[in-house]
Amino acid sequence: MDHIKHNYVQVDGLKLHVAEIGSESSPAVLFFHGFPEISYTWRHQMIAVANAGFRVIAPDYRGYGLSDIPAEPEKTSFADLVADTATILDSLSISKVFVIGKDFGAMVGYIFALFFPEKLAGIITLGIPYMPPEALQQLQTLPEGFYMRRWQEPGRAEADFGRFDAKTVVRKIYILFSRSEVPIASENQEIMDLVEQSAPLPSWFTEEDLETYAASYEKSGFLTALQVPYRSLLERVEPPNHDLNAPIVKAPALFITGEKDFFFSFPGMEEYLKSGIKRYVPNLEIMYLPEGSHFVHEQFPEKVNQLLLNFLKSNKY
């Protein structure tokens, strides 16, 4: 991590943290993190991709990591994150970029691709594929105790998380999201209670990693993270006059998923990946990692890095 530079870009009155490595003259790769992650989640990928001859940029979204917290976190939107990204790229004089997104970072990546197709060299997502608005609506039909529905409820997650320090919250979410079962609490149970205090961290996630995340969320809190993605999940963000039947992305695309990722177990997901998604992303390739969890890039960094590099080198501009 010593070779990674940490810079700040002024955006909309906020200082946004951007981790960077690689030559400014090399093709650019932009990494979007998910939740409960921050740009640090890409620690295994950033150096490998830079060493292969790319310029790597990994921002913390507003309200996450080392970036400033907006004055009104509850008003943050996916549109804000995409606009922030465009400003960051302009400030760094980057006109074309590969996008790599994990978890809801995939949603940020695809919205960015929709608004700025001329800037997109290719897109890779991990854990979550492109999902049309109707698929996101379907998530609302899952049981009341489904973690996304619980976290969408104002005050519910705040009270649940508030019983613990930030380190314990991140620890519990990492353990929970590493499992293959969809996180659903019973009627009289909170999401944090799905993980026993004595449950061990995944073998690939160290106490040092946890301390880095904990320090970040002690600073930022969880308000922005609850707003985006969970309370903004059904936000429609699309350019004016966009044809809903047209492909979202025509550029080269790759989706990497672990077969033990709980998201892969969502109703209809397997069938959607087999027969539905190419209507929206026609040039998509899908790679399955048999033992992979929701954090496949941290669990199997060498395997994921090889897939990323194969794609990036094949589509290098």
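Residues numbered from 1 in each chain as written. Predicted model: local features only at pLDDT ≥ 70, side-chain atom pairs only at ≥ 80, totals over all residues. Heavy atoms only, no water.

Peer 1: Mind laying out the overall build of the protein, listing which residues take part and the relevant values?
Peer 2: The number of helices and strands found in the protein is 12 helices and eight strands. In terms of overall size, the protein behaves like a compact globule, its C-alpha atoms giving a radius of gyration of 18 Å where 317 residues would be expected to give roughly 20 Å. Judged by the C-alpha coordinates and their principal axes, the protein covers about 55 × 45 × 40 Å. Per-residue burial for the protein yields a buried fraction of 58% across its 317 residues. Long-range pairs, those at least 24 residues apart, make up 78% of the contacts in the protein with a sequence separation of at least 6. Total accessible area computed for the protein in this model is approximately 13000 Å², and 50% of it derives from carbon and sulfur atoms. The protein carries 28 positive and 41 negative side-chain charges, and their two centres are separated by 4 Å. (Helix = DSSP H or I, 4+ residues; strand = E, 2+ residues; numbered from the N terminus. Rg over C-alpha atoms; globule rule 2.2 N^0.38 Å. Buried < 20%, exposed > 50% of the residue type's maximum accessible area, 1.4 Å probe, protein only. Contact = heavy atoms within 4.5 Å. Areas by Shrake-Rupley, 256 points an atom, 1.4 Å probe, with all protein chains shown as cover. Lys, Arg positive; Asp, Glu negative; His and termini not counted. Charge placed at Lys NZ, Arg CZ, Asp CG, Glu CD.)

Peer 1: Could you give an account of the packing of helix H2 (residues 78-91) against helix H3 (residues 105-115), with specific residues and numbers?
Peer 2: Viewed as axis vectors pointing N to C, H2 and H3 meet at an angle of 65 degrees, and their least axial separation amounts to 10 Å. Judged by the angle between their axes, H2 and H3 are roughly perpendicular. The handedness of the crossing between H2 and H3 comes out as right-handed. Contacts between H2 and H3 involve Phe78, Leu81, Val82, Thr85 and Leu89 on the former and, on the latter, Met107, Val108, Ile111 and Phe112. For the contact of H2 with H3, a count of residues per class yields eight nonpolar, one polar and no charged. (Axes fitted to C-alpha atoms, helices over the stretch in contact; angles between N-to-C directions. Parallel < 35°, antiparallel > 145°, perpendicular 65-115°, else oblique. Left-handed = near helix turned anticlockwise from the far one by under 90°. Nonpolar A, V, L, I, M, F, W, Y, C, P; charged D, E, K, R; others polar.)

Peer 1: So what's going on with unusual backbone geometry? Which residues, and what values?
Peer 2: In this structure, proline 36 follows phenylalanine 35 across a cis peptide bond, with omega equal to 15 degrees. Note that proline 36 resides in the loop between strand S3 (28-32) and helix H1 (43-51). Along the chain, valine 228 connects to proline 229 via a cis peptide bond; the corresponding omega equals 25 degrees. Relative to the helices and strands, proline 229 resides in the loop between helix H9 (223-227) and strand S7 (253-258). Despite not being glycine, serine 93 has its phi angle at roughly 55 degrees, a positive value. Summarising the element assignment, serine 93 is placed in the loop between H2 and strand S5 (97-102). For aspartate 103, which is not glycine, the phi dihedral falls at a positive 55 degrees.

Peer 1: Please set out the packing of aromatic side chains residue by residue, giving values where relevant.
Peer 2: In this structure the tally under the stated criterion is 39 aromatic pairs. Ring centres of phenylalanine 35 and phenylalanine 222 lie 6.4 Å apart, and the angle between their planes is 85 degrees; on these two criteria the pair is classed as edge-to-face. Within this pair, whereas phenylalanine 35 is found in the loop between S3 and H1, its partner phenylalanine 222 is found in the loop between helix H8 (207-220) and H9, the two being separated by 187 residues in sequence. Look at phenylalanine 222 and you get buried, because its relative accessible area is 12%. On the basis of an interplanar angle of 80 degrees and a centroid distance of 5.1 Å, the ring pair of tryptophan 151 and tyrosine 230 is categorised as edge-to-face. (Phe/Tyr/Trp six-rings, centres within 6.5 Å; stacked < 30°, edge-to-face > 60°.)

Peer 1: Tell me about the sheet that holds S3, residues and numbers included.
Peer 2: Two pairing modes exist for strands in a sheet, parallel and antiparallel, and in both the strands are linked by backbone hydrogen bonds. Spatially, S1-S2-S4-S3-S5-S6-S7-S8 is the arrangement adopted by the eight strands of the open sheet, whose pairing is mixed. Since the sheet does not close on itself, it has two edges, and those belong to strand S1 (5-11) and strand S8 (284-289), each with one partner. When the angles between neighbouring strand axes are averaged without regard to direction, this sheet yields 20 degrees. Where S7 lies against S8, six bridges are found, and the strand directions are parallel. From the neighbouring strand, alanine 253 faces S8, where its bridge partner is leucine 284. Running at roughly 55 degrees to strand S2 (residues 14-21), H1 makes contact with S2, S3 and strand S4 (55-59) of the sheet. (Pairing = 2+ DSSP bridges.)

Peer 1: Account for the pattern of salt bridges, with residues named and values stated.
Peer 2: On inspection of all chains with the given rule, the structure shows 22 salt bridges. In this structure, arginine 156 and glutamate 190 form a salt bridge, with 2.9 Å as the shortest nitrogen-oxygen distance. In this pair, arginine 156 is assigned in helix H6 (residues 156-161) and glutamate 190 in the loop between helix H7 (166-177) and H8, connecting sequence segments 34 residues apart. According to the relative accessible area criterion, arginine 156 is buried, its value standing at 18%. Looking at glutamate 190, the relative accessible area reads 21%, which means it is partly exposed. Put simply, aspartate 193 and arginine 163 hold a salt bridge, and the shortest N to O gap is 3.2 Å. With aspartate 193 in the loop between H7 and H8 and arginine 163 in the loop between H6 and H7, this pair connects stretches of sequence that are 30 residues apart. Taking relative accessible area as the criterion, arginine 163 reaches 44% and is therefore assigned partly exposed. One network of salt bridges, in which partners are shared, links Glu144, Arg150, Glu153, Arg156 and Glu190. (Salt bridge = Lys/Arg side-chain N within 4 Å of Asp/Glu carboxyl O.)

Peer 1: Could you give an account of the packing of H1 against helix H12 (residues 301-314), naming the residues involved and the relevant values?
Peer 2: At a minimum axis separation of 10 Å, H1 and H12 run at an interaxial angle of 40 degrees. By the criterion of interaxial angle, the relationship of H1 to H12 is oblique. Crossing of H1 against H12: the hand is right-handed. Counting all contacts with H1, which are made through His44, Gln45, Ala48 and Val49, the residues of H12 involved are Pro301, Val304, Asn305, Leu308, Leu309 and Leu312.

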